[in-house]
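Overview (structure and organization)
Now for the letters of each chain:
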Amino acid sequence: MDSLNKKRHFFSRFLLFQGSVLESELQRFVPPNVSADDFLEETRKKLKLVGLDCIKRLCEDTGCLHYVLVNTSSGKHLKSNSLYSAAEYELFKNILTEIVTGENIGVASSIKVLNSTSSMIKKMNKADADKAILKFVSDGWIAKNSKGEITLTPRGVGEFKSVLESQLKEYIADCHLCKDIVVKGGLCNSCGVKFHWPCFQKFSRNDAQNCPSCGLGIDSSRDSQNSSVKHLKSNASQNTQESHKNASQISFLSQSNHESSENDSQISNVSRSRHISRSNVSHNSSASKSQQESRKNVSQVSSLNQKKTPRKRIQEVESDSSD
């Protein structure tokens, strides 16, 4: 194994152990005469053979670039990891949902997360939930500060980007400047575009706090930002409810039309039955009338026979015999 391949091998082992590597740390493994992209290219090929990859992610707090290890096997993520129980996986889903849909921007309250254990399908007490949170922090998925605020790390965002975009897309937007996903960022109070704060700081080097989209001023205070995000999330929730309501109405109309069609079919069958019945009645009436006329003719013949005298009958018989 030559020197370059040894460095790639050591870097792969380091990445598998850490899960995330700062750009400055990567330079320790890259030889002076090799670019970082060329160095990573061969490393990524080998990682992809086992369903992994190394991608770039921006830290939304510091603006530092990270190289993070992510799972490329669709739909697996934490669920396929034998290190986590079903209850821990469900707890992580609660954390993810609270970070994205909660009142604060990209932040989940650890108190709310612990309280959510009471409604979990897989039961977990708060002590075990607190241990699970520390486990997620140690594994590099989330970060927790002294105030009990939980945020997604660059590795967490990279790993669960597809989940966020598919299951929580009403609350997710891309940065207006770098076009990458925003979880914990800024929001223009006027036009509603979102951006990473590090991207915004690079854009507004002249200290002009103006929106890169509409050009109006941006209030970067946390209260103002949280208020704007709360309004945006309220609209997203309302749109989701209206979408479900419309789907329900469409289903109801479809069911009504189906029932109406069935009723029309039943009415048509009843009408047809009545028509057939009337036809049968008419036919029976004609038959009855014919029978009555036949009986009447027979009666008339019988009556005539009875009116003939015995003598006349004898004459008729004799006449027939002579013929």
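Scroll up to find the structure this text is about.
Here goes a summary of the coordinates provided. Each residue is numbered by its place in its chain's sequence as written, counting from 1. Owing to the predicted nature of the model, reporting of local features is limited to residues with pLDDT of at least 70; listing and counting of side-chain atom pairs is limited to 80 or more, with chain, interface and lining totals taken over all residues. Side-chain numbers here rest on the full set of heavy atoms in the structure, without hydrogens or water.

The subject of this paragraph is the overall build of the protein. What the protein contains, in helices and strands, is 11 helices and 10 strands. Every one of the 323 residues in the protein was classed for burial, and the buried ones make up 32%. Only the protein chains shown count as cover for residues, and the accessible areas themselves come from Shrake-Rupley with a 1.4 Å probe. Carbon and sulfur atoms make up 49% of the accessible area of the protein, which totals about 20,600 Å². Secondary structure is summarised from DSSP: a helix means a run of H or I of at least four residues, a strand means a run of E of at least two, and numbering begins at the N terminus for each. Exposure categories follow from relative accessible area, calculated using a 1.4 Å probe and restricted to protein chains: below 20% of the type maximum is buried, above 50% is exposed, and the middle band is partly exposed.

So, on to the environment of Ile111. In this structure, Ile111 sits in helix α5 (residues 110-115). With 19 residues separating them along the chain, Ile111 and Asp130 place their C-alpha atoms 9.8 Å apart.

Moving on, we get to the packing of helix α4 (residues 86-101) against helix α6 (residues 126-138). Think of each axis as a best-fit line through the C-alpha atoms, taken over the contacting stretch in the case of a helix, with angles from 0 to 180 degrees between the N-to-C directions. One can describe the packing of α4 onto α6 by two numbers: an axis separation of 10 Å at closest approach and a directional angle of 75 degrees. It follows that α4 is roughly perpendicular to α6 by the angle criterion. Facing Glu88, Leu91, Phe92 and Ile95 of α4, the residues of α6 in contact are Ala129, Ala132, Ile133, Lys135 and Phe136. For this scheme, ten residues count as nonpolar: Ala, Val, Leu, Ile, Met, Phe, Trp, Tyr, Cys and Pro. Four count as charged, namely Asp, Glu, Lys and Arg, and the remainder, Gly too, count as polar. In terms of residue class, the contact of α4 with α6 is built from seven nonpolar, no polar and two charged. Each angle is binned into one of four classes, with values under 35 degrees roughly parallel, values over 145 roughly antiparallel, values of 65 to 115 roughly perpendicular, and all other values oblique. What makes two residues a contact is simply this: any of their non-hydrogen atoms within 4.5 Å.

What a helix is expected to span follows from its residue count: subtract one and scale by 1.5 Å. A rise of 1.5 Å per residue sets the reference length of helix α3 (residues 36-48), with its 13 residues, at 18 Å; its end C-alpha atoms lie 18 Å apart and thus fit the reference within 8%. Where α3 is concerned, the buried positions are Ala36, Phe39, Leu40, Thr43 and Leu47. Buried residues along α3 sit against α1 (3-18), α2 (23-26), β2 (52-58) and β3 (65-71).

Turning our eyes to something else, we now look at the environment of Val182. Within the secondary structure, Val182 sits in strand β8 (residues 181-182). Along the sequence, Val182 and His196 sit 14 residues apart, while their C-alpha atoms lie 6.4 Å from each other. With sequence-adjacent residues up to four places away left out, Val182 is seen in contact with Glu60, Ile172, Ala173, Asp174, Cys175, Lys194, Phe195 and His196.

Quick look at the side chain of His66 now. Counting through the fold element by element, His66 comes out in strand β3. Polar contacts here mean pairs of N or O atoms no more than 3.5 Å apart (in protein, one a potential hydrogen donor and the other a potential acceptor; neighbouring residues in sequence count only if both atoms are side-chain atoms). Among the polar contacts made by the side chain of His66, one reaches the side chain of Ser20 at a distance of 3.2 Å. His66 has contacts with Ser20, Val21, Leu22, Ile55, Lys56, Arg57, Cys59 and Pro154, leaving out every residue within four places of it along the chain.

Across the sheet, three strands lie side by side as β1-β3-β2; this open sheet has antiparallel pairing. The sheet is open, and its two edges are formed by β1 (20-22) and β2, each paired on a single side. Here the strands of the sheet are splayed against their neighbours by 25 degrees on average, with no regard to which way each runs. Here a strand pair is declared whenever DSSP counts at least two bridges between the two strands. Bridging between β1 and β3 involves three bridges; their strand directions are antiparallel. Directly across from Val21, in β3, lies its bridge partner Tyr67. Relative to β1, α1 is tilted by about 115 degrees, and along the sheet it contacts β1, β2 and β3. Contacting β2 and β3, α3 runs over the sheet at an angle of about 135 degrees to β2.

Throughout, a disulfide means two cysteine sulfur atoms within 2.5 Å of one another. A full pass over the atoms with the stated rule returns zero disulfides. In this structure Cys59 is not part of a disulfide, and its nearest cysteine sulfur, from Cys64, lies 6.5 Å away. Of the residues examined, Cys59 reaches a relative accessible area of 12% and is grouped as buried.

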